[in-house]
Amino acid sequence: MKTIQIKDKTFAVSLPEAEILKQVKRVAAEINRDLAGEEPIFLAVLNGSFIFAADLLREVTLPCEISFVKLASYEGVSSTGTIKEVIGLNCDITGRPVVIVEDIVDSGLTMVHMIETLKGHNPKSIDVCSLLVKPGNLKVNLDIKYTCLEIPNDFIVGYGLDYDGYGRNTRDIYTVVEE
Ligand code: 5GP
Ligand code: MG
């Protein structure tokens, strides 16, 4: 089994690059079909989605724009826990179809909050496109229109996702090995 060590944890390959890229191409084809005739804006959520966004967008054949946003966490009083502010949204999404490009949906709270924020800018539509989804952890009612791969609740790294800042630069996706 191919393993890597990042800091105190061992990770084993769980999704090989070939499988990831196959699913990325499938989802891009769905987007090309569903948004035919539209000029969408893709909003990729940094840092985790940078590799996914690069691979996905090169399979998208629609006339489109891509912009990168960050979700800055700050302590706030909220029923849903940590509040995250969308920063870096410097394009006008009014009246445009928006596709959020996210690395992974876990509880779903991040996406729900981002969608609420974007609605304030009156886009034509908002769809979520996530590389990974942990259906077993979803805590909110969230419509994820495009999912490349569903995974169990274990912690993963690679292909853009990190463990404490490291591990983003691997081609495959790895799952933590419990010892
Ligand atoms: P949510 O708000 O859906 O609970 O959180 C989603 C965010 O949590 C993701 O964008 C990602 O930053 C982080 N996250 C959730 N699960 C994992 C995981 O298994 N590995 C890594 N690296 N990040 C994760
Ligand atoms: Mg993310």
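A. Broad picture of the environment of Leu15. With respect to the element layout, Leu15 can be found in strand β2 (residues 9-15). For the pair formed by Leu15 and Ile151, sequence separation is 136 residues and the distance between their alpha carbons is 9.5 Å. For Leu15, the contacting residues outside a window of four places in its chain are Ile20, Leu132, Leu149, Ile151, Asp172 and Ile173.

B. Structural context of the layout of surface pockets. Taken as a whole, the second largest pocket holds about 160 Å³ of empty space. In terms of lining, the second largest pocket is formed by Val112, Ile115, Glu116, Lys119, Ile126, Asp127, Val128, Asn141, Leu142 and Asp143. For the lining of the second largest pocket, the secondary structure elements donating two or more residues are α3 (109-119) and β7 (125-133). Element by element, the count of residues in the lining of the second largest pocket is highest for α3, at four residues. By residue class, the composition of the lining of the second largest pocket is five nonpolar, one polar and four charged.

C. Representation of the packing of aromatic side chains. One pass over the structure, following the stated rule, counts three aromatic pairs. Where Phe11 meets Tyr163, the ring centres are 5.9 Å apart and the plane angle is 55°; that geometry is what we call tilted. Here the residue Phe11 occupies a position in strand β2, and Tyr163 occupies one in the loop between β9 (156-157) and β10 (173-176), the gap between them amounting to 152 residues. Per residue, the accessibility class of Phe11 equals that of Tyr163, and both read buried. Arranged with centres 6.0 Å apart and planes meeting at 75°, the rings of Phe155 and Tyr163 form a pair that is edge-to-face. Take Phe155: its relative accessible area is 37%, and that puts it in the partly exposed class. Clustering of aromatic rings is evident, with ring pairs tying together Phe11, Phe155 and Tyr163.

Thresholds, definitions, all that
Residues numbered from 1 in each chain as written. Chains lettered and ligands numbered in written order. Predicted model: local features only at pLDDT ≥ 70, side-chain atom pairs only at ≥ 80, totals over all residues. Heavy atoms only, no water. Helix = DSSP H or I, 4+ residues; strand = E, 2+ residues; numbered from the N terminus. Contact = heavy atoms within 4.5 Å. 1 Å grid on protein atoms, 1.4 Å probe; cavity = no way out; pocket = protein on both sides within 12 Å on 5 of 7 lines; lining within 4 Å. Points joined across faces, edges and corners; volume = space filled by probe spheres on them. Nonpolar A, V, L, I, M, F, W, Y, C, P; charged D, E, K, R; others polar. Phe/Tyr/Trp six-rings, centres within 6.5 Å; stacked < 30°, edge-to-face > 60°. Buried < 20%, exposed > 50% of the residue type's maximum accessible area, 1.4 Å probe, protein only.

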